[in-house]
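Each chain, letter by letter, is given below.
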Amino acid sequence: ADNLGSLLENIVKETGLDLTAKSRVCIARDTRPSGLQLAEAVMNGVKAIQADYQDYGILSTPQLHYIVRCINTNRLYGEPTEEGYYKKLSHAFLKLQTTSHTKSEIKLDGANGVGADKIKLLKSYLGNSLNISVYNDGTQGKLNDKCGADYVKINQSLPEGIHVLPYEKCVSFDGDADRILYFYVNKDNEFKLLDGDKMSTLIADFIKDLLMKANLNLNLGVIQTAYANGRSTQYLQHSLGVPVSCVKTGVKHLHHKALEYDIGVYFEANGHGTVVFSDAALEKIKSVKSKEMSDLLDFIDLVNQTVGDAISDFLIIETILNQKGYSLDDWNSMYSDLPNRQLKVKVKDRTVIKTIKAETETTSPEGLQEEINKLVSKVAAGRSFVRPSGTEDVVRVYAEADTRSLTEELAYAVANKVYDLAGGIGPRPQAS
């Protein structure tokens, strides 16, 4: 807190901000009880510096991002209201729908968060185009408690509060509706997850197909982190012929890298992601008169380019599945994920771990990377990396291999090397 003033002064200097210019702060909150008090604190702070603000009440995080973008582009991006958000997305979605496929029920896990309320509001703009049933809508349970995208991803299991029959289409939002995952169970009642990797490959495939049919050459790329499943990277590069960039963990790294492409698709494996289109790409798309490019322009309006948005991404995926006539099982069959495992190792000091190459290799402690390389070389389709946590003294271990048993062996072998060479504390990592 002592150096807050100097830090703010540096930001002003580096960004060239004009402190005399009129400013406006856009404020919104989610459904948590603390939201109102926090919003009031922000309003009081804005008043103290004699700036303007507008309170938009309860919104999802991506909806607030959308409104700010609309204001900063003088409404070129859209109408800066919650209703404007629904109208823009629904108009684009309805234009892209085909009528040849039946509308099966979609079971949506709202994580007892703001997204549950907002998807209900959106439904009134969609007519009968989607048959959505919302569960974990906040009327009973607690936010993210045994439900939501994080719970589904980490536990690789169904959220509580939903009964799922084989091959029913299911969707899970996270609490503030900026992440989304799809899932289903097969005829043997096995849980199947379609995560951010699956979404980025489906979207890249769809966009590339439109570009090829229109004979338009644009630089399309997919941005991933080291946590992306190796099979997704192989599928993108070898089956689709789409370049893949790997960056450090964190949405800001993915977003910045995506801006280097004409069209950049980025998703973290946890389901947070979107698509960004350069101004130059947009002009080229507009210049080509074809059904495919007309569809792509509507698709662009369906995308919230400002940030990962569960509602926008939901409509994107539903559009692609509808146009391709895919079930979730069809989509999942595009490629098969390698089994993967994540572990945490407690250490005295996480800063002893130094990484390079988008956190896929270590340079410290000495000898650790060599030991990881040896372990990986012995395993079919093996890959493993370690990185320090950003918030606690633990080292995160990721491993994947050709089979579940090999993956478990590799993960725990690497975790033990971290324990030995990076100052592990507490019980030694071992399979339960």
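Keep in mind that this is a model prediction, so the values were computed, not measured.

Participant: So what exactly am I meant to see when it comes to the pairing of strand β4 (residues 131-135) here?
Facilitator: In summary, the side chains of a regular strand alternate between the two faces of the sheet. Because side chains alternate across β4, one face comprises the buried residues Ile132 and Val134, and the other comprises Asn131, Ser133 and Tyr135, none of which is buried. Where strand β3 (residues 105-109) meets β4, five bridges bridge the pair, whose relative direction is parallel. Within β4, the residue paired with Ile106 across the bridge is Ile132.

Participant: Any chance you could explain the side chain of Asp262 here in plain terms?
Facilitator: Within the secondary structure, Asp262 is located in the loop between α9 (251-258) and β10 (263-267). Within the structure, Asp262 has its side chain in polar contact with the backbone nitrogen of Asn219 (distance 2.7 Å). Sequence-distant contacts of Asp262, that is, excluding residues within four places in its chain, are made with Leu218, Asn219, Val276, Phe277, Ser278 and Ala281.

Participant: Quick question: what am I supposed to make of the state of the cysteines here?
Facilitator: Across all of its chains, the model carries zero disulfides by this definition. We note that Cys170 lacks a disulfide partner, and the nearest cysteine sulfur, in Cys147, lies 14 Å from it. Residue class for Cys170 comes out buried when judged on its relative accessible area of 0%.

Participant: Would you mind going over helix α14 (residues 368-377) with me for this structure?
Facilitator: Note that an α-helix has 3.6 residues per turn; residues three or four places apart therefore point the same way. Of the residues making up α14, those classed as buried are Leu368, Gln369, Ile372, Leu375 and Val376. Along the axis of α14, the buried residues cluster in a sector spanning 125°; they form a single face. Those residues of α14 hidden inside the fold are in contact with β14 (361-364), β15 (383-388) and α15 (404-421).

Participant: Can you help me understand the environment of Arg396 in this one?
Facilitator: Following the sequence through the fold, Arg396 ends up in strand β16 (residues 394-400). When neighbours within four sequence positions are excluded, Arg396 is seen to be in contact with Tyr227, Leu343, Lys344, Phe385, Val386, Arg387 and Ser389. In this structure the side chain of Arg396 is engaged in a polar contact, spanning 3.4 Å, whose partner is the side chain of Ser389.

Participant: What exactly am I supposed to notice about the sheet that holds strand β11 (residues 273-277) here?
Facilitator: Sheet strands line up and pair through hydrogen bonds in the backbone, either parallel or antiparallel. Pairing is mixed across the open sheet formed by four strands, whose spatial order is β9-β8-β10-β11. Single-partner strands in this sheet number two, and they are β9 (244-247) and β11. Each strand of the sheet is rotated relative to its neighbour by a mean of 20°, with strand direction disregarded. Direction of pairing for strand β8 (residues 220-225) relative to β9: parallel, over a ladder of four bridges. Paired with Ile223 across the two strands is Ser245, which belongs to β9.

Participant: Please explain the sheet that holds strand β7 (residues 191-194) as it appears in this structure.
Facilitator: Taken in spatial order, the five strands of this open sheet run β4-β3-β5-β6-β7, and their pairing is mixed. Every interior strand has two partners, whereas the edge strands, β4 and β7, have only one. Averaged over all pairs of adjacent strands, the angle between strand axes in this sheet comes to 25°, irrespective of strand direction. Along the sheet, helix α5 (residues 114-126) contacts β3, β4 and β5 (169-173); its crossing angle with β4, the most-contacted strand, is approximately 155°.

Participant: Is there a simple way to think about the pattern of salt bridges in this case?
Facilitator: Two side chains bearing opposite charge may form a pair once their charged atoms approach each other closely. All chains considered together, the criterion is met by 28 salt bridges. We note a salt bridge from Lys257 to Glu260, for which the minimum N-O separation is 3.0 Å. The exposure class of Glu260 is exposed, given its relative accessible area of 54%. In this structure, Arg396 engages Glu392 in a salt bridge whose closest nitrogen and oxygen atoms are separated by 3.7 Å. According to the relative accessible area criterion, Arg396 is partly exposed, its value standing at 24%. Several salt bridges share partner residues, and in doing so they unite Asp150, Asp174, Asp178 and Arg179 into one network.

Participant: What is the right way to look at the packing of aromatic side chains in this model?
Facilitator: By convention here, two paired aromatic rings are described through the distance between centres and the angle between planes. For the structure on display, the rule yields 13 aromatic pairs. For the ring pair Tyr66 and Tyr77, a centre distance of 5.9 Å and an interplane angle of 50° mean the geometry is tilted. With a gap of 11 residues between them, Tyr66 in helix α3 (residues 61-72) and Tyr77 in the loop between α3 and α4 (82-96) connect regions that are remote in the sequence. In terms of burial, Tyr66 and Tyr77 fall into one category: buried. Judged by centre distance (5.3 Å) and plane angle (45°), the ring pair of Phe206 and Phe299 falls under tilted. Pair noted here: Phe206 is in helix α7 (residues 196-213) and Phe299 is in helix α11 (residues 291-302), with a separation of 93 residues, a long-range link. Site record: aromatic cluster; members linked through ring pairs are Tyr66, Tyr77, Tyr85, Tyr86 and Tyr125. Over the aromatic face of Tyr77 sits the side chain of Lys88, whose NZ or CZ is 3.5 Å from the ring centroid.

Reading guide: rules and limits
Residues numbered from 1 in each chain as written. Predicted model: local features only at pLDDT ≥ 70, side-chain atom pairs only at ≥ 80, totals over all residues. Heavy atoms only, no water. Buried < 20%, exposed > 50% of the residue type's maximum accessible area, 1.4 Å probe, protein only. Helix = DSSP H or I, 4+ residues; strand = E, 2+ residues; numbered from the N terminus. Pairing = 2+ DSSP bridges. Polar contact = N/O pair within 3.5 Å; in protein donor to acceptor, adjacent residues only side chain to side chain. Contact = heavy atoms within 4.5 Å. Disulfide = S-S within 2.5 Å. Arc of directions from axis to C-beta. Axes fitted to C-alpha atoms, helices over the stretch in contact; angles between N-to-C directions. Salt bridge = Lys/Arg side-chain N within 4 Å of Asp/Glu carboxyl O. Phe/Tyr/Trp six-rings, centres within 6.5 Å; stacked < 30°, edge-to-face > 60°. Lys NZ or Arg CZ within 6 Å of the ring centre and 35° of its normal.

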